Amino acid sequence: MFIYPRKGQSEEQQANDRYECHKWAVGQTNYDPTRIPSGIPDDQIMQKRADYQRAMGGCLDSRGYTANKLVVI
């Protein structure tokens, strides 16, 4: 995910906001992209990843960022 600050946030603030939004998105979606899921079909993993990215993007938007997701083909 590429994140662009709209309000001149410092590097430190960007890192803090990204971490806080990550924690929130994991809590909302029950999916953590930093951990490898096991025993879940690939289509469910893709859906959970999409849900996480939407949650993360919404959180970052509310904090003054534009977030563009990286599309993997």
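My aim in this report is to walk through the structure given alongside it, one point at a time. Please read all numbers here as calculations on a predicted model, not as lab measurements. (Residues numbered from 1 in each chain as written. Predicted model: local features only at pLDDT ≥ 70, side-chain atom pairs only at ≥ 80, totals over all residues. Heavy atoms only, no water.)

**A few points about unusual backbone geometry**
Positive phi is not limited to glycine here, since Asn30 has a value of about 60°. Relative to the assigned elements, Asn30 resides in the loop between α1 (11-29) and α2 (42-62). Classification of Asn30 by relative accessible area gives exposed; the value is 67%. (Helix = DSSP H or I, 4+ residues; strand = E, 2+ residues; numbered from the N terminus. Buried < 20%, exposed > 50% of the residue type's maximum accessible area, 1.4 Å probe, protein only.)

**Re the pattern of salt bridges**
A side chain of one charge can pair with a side chain of the opposite charge if their charged atoms are brought near each other. Taken as a whole, this structure holds five salt bridges when the rule is applied. When the shortest N-O distance is used, the salt bridge between Arg6 and Asp61 registers 3.0 Å. Placement of the pair is Arg6 in the loop between β1 (2-5) and α1 and Asp61 in helix α2, with a sequence separation of 55 residues. Taking the relative accessible area as the measure of exposure, Asp61 reaches 43% and is therefore partly exposed. Where Glu20 meets Lys23, a salt bridge forms, and the shortest distance between an N and an O atom there is 3.7 Å. On the criterion of helical spacing, the pair formed by Glu20 and Lys23 is a turn pair, its members being three residues apart in helix α1. (Salt bridge = Lys/Arg side-chain N within 4 Å of Asp/Glu carboxyl O.)

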